[in-house]
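Now for the letters of each chain:
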Amino acid sequence: MKAIVCFGEYAKSSYYFEKLGISVNCMEELCYCLKENACLLGKEIMDDRLIRFIDGECKVPQLAKELYSLAHQKGSLSAFVTLILEYVGFYDKESIRDVEETLKNNAGLTDYEKKKLRIDYLADKGKYLTALREYDILLEEMETAGGTLRNHAVKAQTLRNKGVILAMQFLYGDAAKCFEKAYGITGDKEILKSFLLANRMNLSEKEYIALIATMPEAYEISLQVEKELEALENKWLQSEEYAGLENMREWSARGESQRYEQESEQLLESLKDAYREWVSPNRLG
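Because the structure is a prediction, the values reported are computed rather than measured.

### Observations regarding the overall build of the chain
Okay, step 1: For the chain, the helix and strand inventory stands at 14 helices and two strands.
Okay, step 2: Summarising the internal contacts of the chain: among those between residues at least 6 apart in sequence, 55% fall at separations of at least 24.
Okay, step 3: For the chain, the accessible area works out to roughly 17100 Å², and carbon and sulfur atoms hold 51% of it.

### Brief notes about the pattern of salt bridges
Okay, step 1: A complete count under the given rule lists twelve salt bridges for this structure.
Okay, step 2: Of the charged contacts, one joins K115 and E141 as a salt bridge, the two residues approaching to 2.8 Å between their closest N and O atoms. Of this pair, K115 sits in helix α6 (residues 111-124) while E141 sits in helix α7 (residues 128-145); the two residues are 26 residues apart in sequence, bridging distant segments of the chain.
Okay, step 3: For K115, a relative accessible area of 27% translates into the label partly exposed.
Okay, step 4: You can call E141 partly exposed: its relative accessible area is 28%.
Okay, step 5: The salt bridge involving K193 is made with E228; its shortest N-O contact spans 2.3 Å. Of the two residues, K193 sits in helix α10 (residues 189-202) while E228 sits in helix α12 (residues 219-237), which places them 35 residues apart along the sequence.
Okay, step 6: When its relative accessible area of 13% is taken as the criterion, K193 is described as buried.
Okay, step 7: Among the residues examined, E228 registers a relative accessible area of 26% and is labelled partly exposed.

### What to know about unusual backbone geometry
Okay, step 1: At K59, a residue that is not glycine, the phi angle is positive and equals roughly 60 degrees.
Okay, step 2: When you line up the elements, K59 lands in the loop between α2 (48-57) and α3 (61-72).

### So, the state of the cysteines
Okay, step 1: In total, this model carries zero disulfides according to the counting rule given.
Okay, step 2: Distance from the sulfur of C31, which forms no disulfide, to the nearest cysteine sulfur (C26) is 8.7 Å.
Okay, step 3: For C31, a relative accessible area of 0% corresponds to the buried category.

### Section: helix α1 (residues 27-36)
Okay, step 1: Of the residues making up α1, those classed as buried are M27, E28, L30, C31, C33 and L34.
Okay, step 2: If you follow the buried residues of α1, they end up packed against β1 (15-17), β2 (22-24), α2, α3 and α4 (77-88).

### Some words on the nonpolar core
Okay, step 1: Core analysis: the biggest nonpolar cluster contains 36 residues, and A131, F179, L192, F195 and L196 have the highest contact counts within it.
Okay, step 2: Elements with a minimum of two residues in this core: α6, α7, α8 (149-168), α9 (172-186), α10, α11 (205-213) and α12.
Okay, step 3: Per element, the largest residue contribution to this core is seven residues, and it comes from α8.

### Thoughts on the packing of α6 against α7
Okay, step 1: Contact geometry of α6 with α7 gives a least axis separation of 8 Å together with a crossing angle of 165 degrees. Regarding the angle of α6 to α7, the classification is roughly antiparallel. You can see that α6 and α7 cross each other, and the crossing is left-handed. For the pair α6 and α7, the contacting residues are Y112, K115, K116, R118, I119, D120, L122 and A123 in the first and Y128, T130, A131, E134, Y135, L138, E141, M142 and A145 in the second.

### As for the packing of aromatic side chains
Okay, step 1: Under the definition given, this model contains five aromatic pairs.
Okay, step 2: Seen in terms of ring centroids, F7 and Y87 are 5.9 Å apart; in terms of plane orientation they differ by 85 degrees. Their pairing is edge-to-face. Here the residue F7 occupies a position in the segment before β1, and Y87 occupies one in helix α4, the gap between them amounting to 80 residues.
Okay, step 3: Residue Y87 is classed as partly exposed on the basis of its relative accessible area, which comes to 30%.
Okay, step 4: When the ring of Y15 is compared with that of F53, the centres are 5.6 Å apart and the planes differ by 45 degrees; the resulting orientation is tilted. Pair noted here: Y15 is in strand β1 and F53 is in helix α2, with a separation of 38 residues, a long-range link.
Okay, step 5: Of the residues examined, F53 reaches a relative accessible area of 4% and is grouped as buried.

### Observations concerning the packing of α4 against helix α5 (residues 93-106)
Okay, step 1: With their axes 9 Å apart at the nearest point, α4 and α5 run at an angle of 165 degrees to one another. Classed by the angle they form, the pair α4 and α5 counts as roughly antiparallel. Every pair of crossing elements has a handedness; the one defined by α4 and α5 is right-handed. In this structure, α4 contributes L77, S78, V81, T82, L85 and E86 to the contact, and α5 contributes I96, V99, E100, L103 and K104.
Okay, step 2: Here the residues of the contact of α4 with α5 are counted per class, giving six nonpolar, two polar and three charged.

Reading the values: rules and limits
- Residues numbered from 1 in each chain as written.
- Predicted model: local features only at pLDDT ≥ 70, side-chain atom pairs only at ≥ 80, totals over all residues.
- Heavy atoms only, no water.
- Helix = DSSP H or I, 4+ residues; strand = E, 2+ residues; numbered from the N terminus.
- Contact = heavy atoms within 4.5 Å.
- Areas by Shrake-Rupley, 256 points an atom, 1.4 Å probe, with all protein chains shown as cover.
- Salt bridge = Lys/Arg side-chain N within 4 Å of Asp/Glu carboxyl O.
- Buried < 20%, exposed > 50% of the residue type's maximum accessible area, 1.4 Å probe, protein only.
- Disulfide = S-S within 2.5 Å.
- Core = buried A, V, L, I, M, F, W, Y, C linked by side-chain atoms within 4.5 Å.
- Axes fitted to C-alpha atoms, helices over the stretch in contact; angles between N-to-C directions.
- Parallel < 35°, antiparallel > 145°, perpendicular 65-115°, else oblique.
- Left-handed = near helix turned anticlockwise from the far one by under 90°.
- Phe/Tyr/Trp six-rings, centres within 6.5 Å; stacked < 30°, edge-to-face > 60°.
- Nonpolar A, V, L, I, M, F, W, Y, C, P; charged D, E, K, R; others polar.

Here is the structure:
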C-alpha cells in the first residue's frame, strides 16, 4: 500500500471557494478541487486570500510568493492553476496539461457557459440522471436571472441537450417539449428537426399529421424526417439483429420460452445501446 505524504501542512482554517461551494484544508485537496472543477474556474480565484491560505495555513511560502507575482502581473488563470498543480506534484503531466487546455479553451466564457460545459461532460460520460438534474438547475438559474442574447443562446443549447438525453431514455414527449422551447428561442432548423423526430416517435400518425398542419415551416423538414426513418427501417430489416428476432419468434412458437427470454433480453440491451450511441454524444452541442 502506497502512503501519500501531505505537501505542506494541514490547515487549521479552511479555504472556501464561494462559487463552487467547496472548502479545502490542504494542498492536495486544493489541487483536487482545481482539477475537478477546471471548467468552472474564473480569475476571481487569483486573489490574495487564496495566496495567504497557501502561505499562512499550508506553509508553502515559495509557491505563495510566485503566485502573488503572477496574480499582480495580470497573469492568466491557466498559468496560475498550472503553477499550483506542478508545484505540488499531486497529478501527472498529462492530467495537468488537460487542466491547462480546459482553462485556455474556457477563457472568456460566462459562468453559465462554463456550467453547461461541465454538465455536457457528465452527459458524455453516461451520467444521464445527474446531467438532467444539473440542466434543470442551470435552466432555473438562467430563468431567474433573465439575461443577454448570449445567455438566451446558452439556454437554448441547454434545452436542446436536455432533450437529447430525454430522447435517449425514450421519453419522447418530454424531449419534444425541450426541443420546442429551444426552437422558440433560436429558430434553428436542426432543433426543429429534432422536435419533429421526437413527436414522430411519440404521437399517433393522425396526431403527428395534425401537428405538421399547424406548422407550415416544418413541412419540408418533415419530409426529411420521413426519409431518415424509412432508411433506418430498411437498415433494420437487413440487420443481423432483425434476423435474430425472426429466430426468436420461431423459438417462442416452439415453446422454447427460456431461450427466447435470454436472447430477447440481450438483443433489447444491444439495441438500446446502439440507439443511444446514435442519438447521444454526436448530438450534444
